[in-house]
Amino acid sequence: MPPWQAARTEDGQWPGHRYFGRGPRRWGPWHQGEPLRRAREDRLVGGVAAGLAARMGRDVTTVRIIFVVAAVLSGGFLAAAYVVAWMLIPLEGTEGNSARKAMADRRGLALAAGYGSLLIIVRIMISVFNVGWLSSFLWPLALGGAGLILIWRNAAEDERAMLRGLVQPFLGLTTNSRWTGFVIRLVVAVILLAGGVAALQSAHENIALLQPLAGVALLISAIVVLLGPWWLRIARDLAVERQARVRAEERADIAARVHDSVLQTLALIQRRADQPQQVIALARAQERELRSWLFDGRPPGSIDDQAMTLADGIRLIQQEVEAQHGVAVEAVTVGDCALDEDLAALLAAAREATVNAVKWSGATVVSLFAEVEPNEVSVFVRDRGKGFDPAAVPADRKGLAESVRARMARRGGIANVRSAPGEGTEVSLSMPRAATTRSQA
Amino acid sequence: MTGETLPRVFIVDDHGLFRSGVRSELGHDVEVVGEADDVAPAIDGIAATLPDVVLLDVHLPGGGGQAVVTAMKGAHPQVRFLALSASDAPEDVIAVIRAGARGYVTKTISGAELVDAVRRVAAGDAVFSPRLAGFVLDAFATAAPPGQQAPSIDPELDQLTMREREVLRLIARGYTYKEIARELFISIKTVETHVSSVLRKLQLSTRHQLARWATERRLA
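This structure is a prediction, so every number in the text was calculated from the model and none was measured.

**Student:** Even after reading the chapter, I still don't get the overall build of chain B, so can you show me in this structure?
**Tutor:** On a plain count of helices and strands, chain B comes out with 10 helices and six strands. Split into buried and exposed, the 220 residues of chain B put 50% on the buried side. When the accessible area of chain B is evaluated, it comes to approximately 10,000 Å², of which 56% is carbon and sulfur surface.

So, in structure tokens, the structure goes:
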């Protein structure tokens with residue numbers, strides 16, 4: 001059975017989504033059955049090409065080059081088709097496209113229609129003045145522009161930011177102080193453009209093959225002169241944005257880890273304030289852990305460097321939690337496999353869930369069950385303690401929300417919490433197995 | 001509950017402290033008819049008192065707990081065994097079960113739960129602790145690749161049904177029979193039937209793999 005069919009769907013997520021979350025370099029050959037989505041991570045404009053590439057298992061750059069060439073050859077119609085696809089295909093991780101929203105946006109529709117008709121009037125005027133070759137570009141321009149207006153008005157904030165970046169040089173005319181540079185570039189571009197157009201125009205009468213080529217070259221250099229600096233800035237912004245995202249993820253990771261170790265220990269110290277010996281022991285253990293993290297780079301709560309297999313890791317959690325909290329942990333493991341980063345994250349989440357159960361449930365025994373199956377590893381942490389109403393937990397509470405759920409999601413796993421007041425709590429975690437650990441089931 | 005006769009229990013464990021602990025935990029809900037600290041005195045004592053349930057430590061100095069089960073099986077099949085121990089290698093636990101014990105619980109079990117387990121075994125049911133459920137799932141899961149499996153007398157005995165697997169998984173996750181029944185929308189009686197059927201398979205299966213599993217596990 002392919003891995004995505006084994007995915008749980010009760011949380012309303014399409015099973016394929018967890019594979020999308022695993023980063024852009026992991027695409028399989030052809031993900032049959034996964035719906036086409038615009039890429040969020042890898043996109044340059046709308047993410048359509050990256051989404052297509054992912055879906056077909058091709059290289060993004062190849063798809064983009066083919067696309068641009070085809071767009072030019074088709075006289076711009078493919079570019080308009082791109083805008084339409086942008087509207088119709090939902091963004092990765094979401095349902096619903098902007099086209100549906102746009103249909104309800106009357107003002108946007110009116111604006112788009114106005115813009116489209118304006119261009120068509122221009123087209124008619126051009127044909128009157130008999131500059132035929134220009135007019136063929138106007139249809140896609142009208143269609144694409146109208147689409148972009150609708151996307152702009154109906155897209156989510158991140159899409160808008162993307163569009164804002166795209167139209168920046170034109171907005172920059174009024175807001176940017178670098179006037180002179182732009183004016184110089186504009187003048188050069190106009191001269192080059194005029195030269196190019198003239199060369200192309202005269203190509204009819206002249207049989208020399210060089211002339212249209214020179215015209216095309218002039219046109220291209222005009223575009224480069226005009227837009228080159230802006231392209232560079234977009235590329236730079238893209239890199240900066242990517243770095244920012246990496247940094248944000250790192251921060252979330254650190255927050256989760258600090259929560260796991262330091263905050264947990266502080267909470268314990270408060271609860272055991274009347275037992276000085278225990279407080280000292282806890283503080284000392286925490287100090288050691290923090291030092292090893294800060295100076296040796298070993299993350300606190302990391303299991304991977306001590307345990308070799310999943311069963312070892314579960315046993316380690318059992319021993320640690322029993323020693324630190326004095327609550328019995330009934331650990332059962334079925335099957336075993338070597339650890340990789342995904343499974344280490346699963347173990348860290350399982351430890352967090354266990355500590356959580358021990359600390360808050362009031363139960364005297366916590367069940368910890370791990371099962372290694374061919375395609376995934378699941379861990380269940382169950383207590384028969386006081387339980388809680390999952391809907392009533394404030395969204396900003398760190399515990400389960402960030403540490404367990406996000407930690408699992410970052411690695412493509414799933415976390416579910418089932419609880420009701422008076423009936424205890426069960427946290428179920430499942431992580432798909434990477435191919436490397438799968439062979440030795 | 002009045003008028004009902006208390007289950008008669010015999011305790012076999014080499015630690016005196018533990019025997020008295022169990023005795024006090026069981027309290028007045030059972031009648032403890034005797035104790036023994038090794039295989040030979042246990043066999044004599046059980047034969048003399050003929051209890052309903054024997055609480056049996058898996059590890060005994062004079063041979064494993066299964067020696068006691070095996071010795072009693074022929075002459076007194078009505079005596080039922082419940083294995084009780086701290087933490088053991090799976091192969092030892094499976095060996096005691098295969099010898100004929102009706103269940104396995106860990107020593108971390110609470111007094112009330114132990115009494116419940118004793119009653120259940122006395123009534124002829126099987127008692128699976130989370131750990132035993134895990135062991136059994138593990139033992140049946142390590143299936144030999146098709147074609148390499150030794151021909152078995154009764155293939156039905158050599159594997160668990162989907163439902164039995166589900167029940168075992170829930171036991172391993174710490175669910176009680178009642179909670180399992182609710183979770184799977186079946187009656188408690190059906191849960192008991194599934195567990196008993198797993199026990200039967202565990203004891204009767206001639207599965208090559210199951211027998212070999214223990215030794216393999218020790219090596220791994």
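Moving on from the coordinates now.
**Student:** Just to check I follow, could you spell out a nonpolar patch on the surface for this structure?
**Tutor:** Taken together, the side chains of Val216(A), Ile220(A), Ile223(A), Val224(A) and Trp231(A) define a hydrophobic patch exposed on the protein surface, amounting to about 430 Å² of accessible area. Within the secondary structure, Trp231(A) sits in helix 11 (residues 210-271).

**Student:** I tried to follow the pairing of strand 3 (residues 53-56) of chain B on my own but got confused; where do I start?
**Tutor:** Along a regular strand, successive side chains alternate from one face of the sheet to the other. Residues and elements named next belong to chain B. Taking every second residue as pointing to the same face, both faces of strand 3 are buried, with Val-53 and Leu-55 on one and Val-54 and Leu-56 on the other. Here strand 1 (residues 8-12) runs beside strand 3; their pairing, made up of four bridges, is parallel. The partner of Val-9 across the bridge, within strand 3, is Val-53. Read from strand 3 through helix 3 (residues 65-75) to strand 4 (residues 80-85), the crossover connection turns out right-handed.

**Student:** Looking at this structure, I do not really get the sheet that holds strand 4 of chain B. What am I missing?
**Tutor:** In a beta sheet, neighbouring strands are held together by backbone hydrogen bonds and run either parallel or antiparallel to one another. Across the sheet, six strands lie side by side as 2-1-3-4-5-6 (chain B); this open sheet has parallel pairing. The sheet terminates laterally at strand 2 (31-36) and strand 6 (127-128) of chain B, the two strands that pair on one side only.

**Student:** Would you explain the interface of chain B and chain A in this entry?
**Tutor:** Buried accessible area, meaning the area lost when the parts come together, often serves as the stated size of an interface. With 16 residues of chain B at the contact, the number on the chain A side is 15 residues. Interface area, chain B with chain A, both sides summed: about 1,400 Å², of which 43% is carbon and sulfur. Counting across the chain B and chain A interface gives seven salt bridges. Our enumeration of links across chain B and chain A arrives at 10 residue pairs in polar contact (both at pLDDT 80 or more). Counting residues per element, the side of chain B that touches chain A draws most heavily on helix 6 (residues 130-141) of chain B, at five residues. Of the residues assigned to the side of chain B that touches chain A, the class counts are four nonpolar, five polar and seven charged.

**Student:** Sorry if this is basic, but what is going on with helix 14 (residues 341-360) of chain A here?
**Tutor:** The α-helix advances 3.6 residues per turn, and as a result positions three or four apart in sequence lie on the same side. Residues and elements named next belong to chain A. With 20 residues, helix 14 should reach 28 Å at 1.5 Å per residue; the first-to-last C-alpha distance of 28 Å fits that figure. Among the 20 residues in helix 14, 18 count as buried, and that is most of the element. Residue Asp-340 occupies the N-cap position of helix 14, its side-chain oxygen lying 3.3 Å from the main-chain nitrogen of Asp-342. Trailing helix 14 by a residue or two, Gly-362 shows a phi angle of about 80°, which is positive.

**Student:** Any chance you could explain the nonpolar core here in plain terms?
**Tutor:** The nonpolar side chains of a soluble globular protein tend to be buried with one another. By size, the foremost hydrophobic cluster in this structure holds 52 residues, and its most contacted members are Ile46(B), Leu56(B), Val68(B), Phe81(B), Phe128(B), Val136(B) and Ile180(B). Here the element with the most residues in this core is helix 6 of chain B; it accounts for six residues. With near-sequence residues (within four places) excluded, Phe81(B) lies in contact with Ile46(B), Val54(B), Leu56(B), Val68(B), Val69(B), Met72(B), Ala101(B), Arg102(B), Gly103(B) and Val121(B). In terms of nonpolar packing, the next biggest core, distinct from the first, is built from 31 residues, Val329(A), Val366(A), Val379(A) and Val404(A) among them.

**Student:** Can you walk me through the pairing of strand 1 (residues 328-334) of chain A in this structure?
**Tutor:** All names here are of chain A. In terms of burial, strand 1 is largely enclosed, as six of its seven residues are buried. Pairing of strand 1 with strand 2 (residues 365-372), which is carried by seven bridges, proceeds in the parallel orientation. The residue of strand 2 that forms the bridge with Val-332 is Phe-369.

**Student:** Is there a simple way to explain the confidence of the model for chain A in this structure?
**Tutor:** As a note on interpretation, predicted positions should not be read in detail where pLDDT is low. All names here are of chain A. Residues at a pLDDT of 70 or more form 71% of chain A, whose mean pLDDT is 73. Element-level mean pLDDT values for chain A span from 39 in helix 1 (residues 17-20) up to 92 in strand 3 (residues 376-383). Note that pLDDT drops below 50 for residues 1-32; the model gives that stretch 46 contacts with residues more than four away or on any other chain.

**Student:** Can you walk me through the confidence of the model for chain B in this structure?
**Tutor:** Residue and element names in this part refer to chain B. Per-residue pLDDT for chain B averages 81, and the proportion of residues at 70 or more is 82%. Considering only residues more than four positions removed or in separate chains, one finds that residues 144-150, a stretch of pLDDT under 50, has four contacts. In the model output, the complex is listed with pTM 0.52 alongside ipTM 0.76.

Analysis parameters
- Sequence positions are assigned chain by chain, starting from 1 and proceeding in written order.
- All chains are assigned letters beginning at A, and all ligands numbers beginning at 1, according to the order in which they are written.
- Thresholds applied to this predicted model are a pLDDT of at least 70 for local features of residues and 80 or more for the giving and counting of side-chain atom pairs; totals over whole chains, interfaces and linings are not thresholded and use all residues.
- Excluding hydrogens and water, the side-chain figures rest on all heavy atoms present in the structure.
- Runs of E in the DSSP output that reach at least two residues are strands. Runs of H or I that reach at least four are helices, and both are numbered from the N terminus.
- Whether a residue is buried, partly exposed or exposed follows from its accessible area with a 1.4 Å probe, protein chains only, as a fraction of its type maximum: under 20%, in between, or over 50%, in that order.
- Computed with the Shrake-Rupley method and a 1.4 Å probe, the accessible areas treat only the protein chains shown as cover for residues.
- Candidate patch residues must exceed 30% relative accessible area and have no salt bridge, after which like charges are joined if within 9 Å and Val, Leu, Ile, Met, Phe, Trp or Tyr side chains if within 5 Å.
- A side-chain nitrogen of Lys or Arg and a carboxyl oxygen of Asp or Glu constitute a salt bridge if their distance falls within 4 Å.
- In this description, strands pair whenever DSSP reports at least two bridges between them.
- Handedness rule for crossovers: strands pointing away from the viewer, path from the first strand over the helix to the second running clockwise, crossover right-handed.
- Should any heavy atoms of two residues lie within 4.5 Å, those residues are considered in contact.
- The quantity reported as buried area is the accessible area (1.4 Å probe) lost by two parts once they are put together, taken as the sum for both.
- N or O atoms closer than or at 3.5 Å make up a polar contact, with two conditions inside protein: a donor-capable atom paired with an acceptor-capable one, and, for residues adjacent in sequence, both atoms drawn from side chains.
- Any residue that is not Ala, Val, Leu, Ile, Met, Phe, Trp, Tyr, Cys, Pro, Asp, Glu, Lys or Arg is counted as polar, Gly included; the first ten are nonpolar and the last four charged.
- Here the expected span of a helix is defined as 1.5 Å times the quantity of residues minus one.
- Take the buried residues of types Ala, Val, Leu, Ile, Met, Phe, Trp, Tyr and Cys, join any two whose side-chain atoms come within 4.5 Å, and each joined set is a nonpolar core.
- Think of pLDDT as the predictor's per-residue confidence, scored from 0 to 100.

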